[in-house]
Amino acid sequence: MREFHSFRAASVVLRHSDWGEADRLLILYTRERGKVRALVKGARKLTSRKAGHLEPFTHVTLQLAKGRDLLIVTQAETQNAFPRLGEDLGKTGHAAYVIELIDRFAYEEEGGNPSLFNLLVDTLGRIESESDAWLAVRYYEMRLLDHIGFRPQLFECANCGRPIRAEDQFFSFVAGGAICPRCGQGLRHLKEISVEALKYLRHFQRSSYREAARARAVAEVRHETEVLMQGYFTYLLDRELNTPGFIRRLRS
Amino acid sequence: MLLPDSIQSLITALERLPGIGPKTASRLAFHLLRASDEVSQDLAEALANLKSRTAFCQDCFNITEAGRHLCEVCESTERDSSVICVVEEALDVLALERTHGYSGKYHVLQGVLSPIEGIGPDDLKIKPLLARIARGGVKEVILATNPSMEGDATALYLRGQLESLGVKVTRLARGLPVGGDLEYADQNTLLRALSGRQEMN
């Protein structure tokens with residue numbers, strides 16, 4: 001197939017860093033090609049026509065051209081800048097967490113995943129518009145796990161395969177799922193999970209966002225699922241995420 | 001081709017600088033080799049002094065000469081010490097000074113909050129700023145961090161911290177740049193330019 005010299009890409013800006021004299025290097029998640037890097041010439045000049053469209057978290061349509069070794073942004077038009085994400089530090093922190101997760105788990109040249117792209121855009125919109133980001137972030141975590149191939153097994157025991165009953169269980173990062181109390185006695189490195197928290201995780205796994213939004217979790221369950229999911233992500237990545245620590249420092 | 005170690009080590013050292021690739025590095029190295037002794041002597045001296053003869057001002061954390069407790073701006077009696085302009089980097093102070101339009105003092109944060117990079121409030125010079133304001137005499141704090149996601153986050157955080165200290169907190173205006181083009185402006189900038197419009201008298 002003939003490769004086009006220049007193409008359009010619906011993108012979300014994940015990160016940027018300075019490059020050369022006045023250029024900027026973007027890390028993007030695009031609908032068409034997944035994660036890509038692209039250079040914006042002159043983006044740090046005050047008169048740049050593109051810089052304003054290319055802040056992190058922005059949903060933007062780009063025209064990308066193949067340069068010698070990097071993609072180069074030739075046109076940029078904002079679809080949604082999610083301006084309220086930048087007006088509230090809590091929202092900025094949650095949006096940064098969402099962005100950090102996809103940045104860590106997506107790899108360049110793995111190809112586009114339109115439904116993951118839509119999930120990302122929808123989640124940023126939800127964090128922006130809703131007064132409480134807990135639900136949007138947890139829902140995103142569960143769905144992201146589906147897309148990257150780490151969907152936790154929550155309906156059968158990840159060790160013996162028997163159906164999980166409605167009682168307090170264990171959760172194993174290594175096995176990637178819930179462990180029934182019987183198997184849990186003999187295994188090590190397990191996290192406890194309350195039946196309520198398990199119910200929420202299951203609910204997120206099989207419901208649409210609108211259905212999931214009807215559930216109202218109490219503070220303990222919210223905290224439990226948050227800590228458990230962050231632990232699971234840290235295990236999968238084999239290193240600490242930056243944003244949870246940042247959010248904690250802001251809260252204190 | 002094998003190069004003598006002395007040239008190769010210079011090339012390797014130059015390559016570590018931002019914006020300099022292997023080709024530029026070797027060109028610079030060979031230029032120095034051919035140039036007169038003075039050129040390389042001066043360069044070597046300047047490099048050696050760079051770290052040993054500079055220090056941070058203990059008040060505003062701008063860069064100053066070693067051995068001095070305060071920088072020129074902080075020491076000056078002509079500057080208005082009731083206004084503090086908070087910037088990200090020492091280079092921003094230079095940019096503001098070039099305008100000759102500001103007569104207050106500065107505070108250099110030496111960075112900017114970045115959730116994704118994991119740079120939190122404790123990694124910046126925020127505590128010294130709060131201590132400085134708590135000492136009294138400050139009426140206004142101008143937040144002059146960059147108009148970017150990170151700069152805005154830093155400004156928001158500082159506003160929260162400064163609220164209880166009873167100082168006026170302002171943020172640099174945002175709008176259309178000189179020589180800009182309305183057609184290409186992003187929504188965010190245009191909206192702010194509209195809401196911050198000024199009467200022409």
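Just so it is clear, the structure is predicted and the values come from calculations on it, not from any experiment.

(A) Representation of the domain arrangement of chain A in the model. Residue and element names in this part refer to chain A. Once the domains are mapped, chain A shows domain 1 (6-81) and domain 2 (84-251). A straight line from the C-alpha centre of domain 1 to that of domain 2 covers 29 Å. Across the boundary between the two partners, domain 1 contributes 18 residues, which contact 21 residues of domain 2. Where domain 1 abuts domain 2, roughly 1,600 Å² becomes buried across the two surfaces, and 65% of that area is made up of carbon and sulfur atoms. The largest contributions to the domain 1 side of the interface with domain 2 come from Tyr-29, Lys-35 and Phe-57, which together make up 47% of the buried area. Inspection of the domain 1/domain 2 interface yields three salt bridges. At the boundary of domain 1 with domain 2, the tally comes to six residue pairs in polar contact (both at pLDDT 80 or more).

(B) View of the pattern of salt bridges. Residues and elements named next belong to chain A. Per the counting criterion, the structure on display carries 18 salt bridges over all chains. One salt bridge connects Asp-146 with Arg-151, and the closest N-O pair in it is separated by 3.0 Å. Here the salt bridges do not stand alone but share partners, grouping Arg-15, Lys-35 and Asp-103 into one network.

(C) Region of interest: the packing of helix 3 (residues 134-148) of chain A against helix 5 (residues 195-206) of chain A. Residues and elements named next belong to chain A. The geometry of helix 3 relative to helix 5 is characterised by a closest axis approach of 9 Å and an angle of 65° between their N-to-C directions. It follows that helix 3 is roughly perpendicular to helix 5 by the angle criterion. Here the hand of the crossing between helix 3 and helix 5 comes out right-handed. Where helix 3 approaches helix 5, its residues Trp-134, Leu-135, Arg-138, Tyr-139, Met-142, Arg-143 and Asp-146 are matched on the opposing element by Leu-201, Phe-204, Gln-205 and Arg-206. Of the residues in the contact of helix 3 with helix 5, the class split is six nonpolar, one polar and four charged.

(D) A look at helix 7 (residues 219-237) of chain A. All names here are of chain A. Here helix 7 is 19 residues long and its end C-alpha atoms lie 27 Å apart, about the 27 Å a rise of 1.5 Å per residue gives. Along helix 7, the residues classified as buried are Val-221, Thr-225, Glu-226, Leu-228, Met-229, Gln-230, Tyr-232, Phe-233 and Leu-237. For helix 7, the elements touching its buried residues are helix 1 (89-105), helix 3, strand 6 (169-172), strand 8 (190-193), helix 5 and helix 8 (243-251). Trailing helix 7 by a residue or two, Asp-238 shows a phi angle of about 65°, which is positive.

How each quantity is defined
- Residues numbered from 1 in each chain as written.
- Chains lettered and ligands numbered in written order.
- Predicted model: local features only at pLDDT ≥ 70, side-chain atom pairs only at ≥ 80, totals over all residues.
- Heavy atoms only, no water.
- Domains from an automatic or database assignment.
- Contact = heavy atoms within 4.5 Å.
- Buried area = accessible area lost by both parts, 1.4 Å probe.
- Salt bridge = Lys/Arg side-chain N within 4 Å of Asp/Glu carboxyl O.
- Polar contact = N/O pair within 3.5 Å; in protein donor to acceptor, adjacent residues only side chain to side chain.
- Axes fitted to C-alpha atoms, helices over the stretch in contact; angles between N-to-C directions.
- Helix = DSSP H or I, 4+ residues; strand = E, 2+ residues; numbered from the N terminus.
- Parallel < 35°, antiparallel > 145°, perpendicular 65-115°, else oblique.
- Left-handed = near helix turned anticlockwise from the far one by under 90°.
- Nonpolar A, V, L, I, M, F, W, Y, C, P; charged D, E, K, R; others polar.
- Expected span 1.5 Å × (residues − 1).
- Buried < 20%, exposed > 50% of the residue type's maximum accessible area, 1.4 Å probe, protein only.

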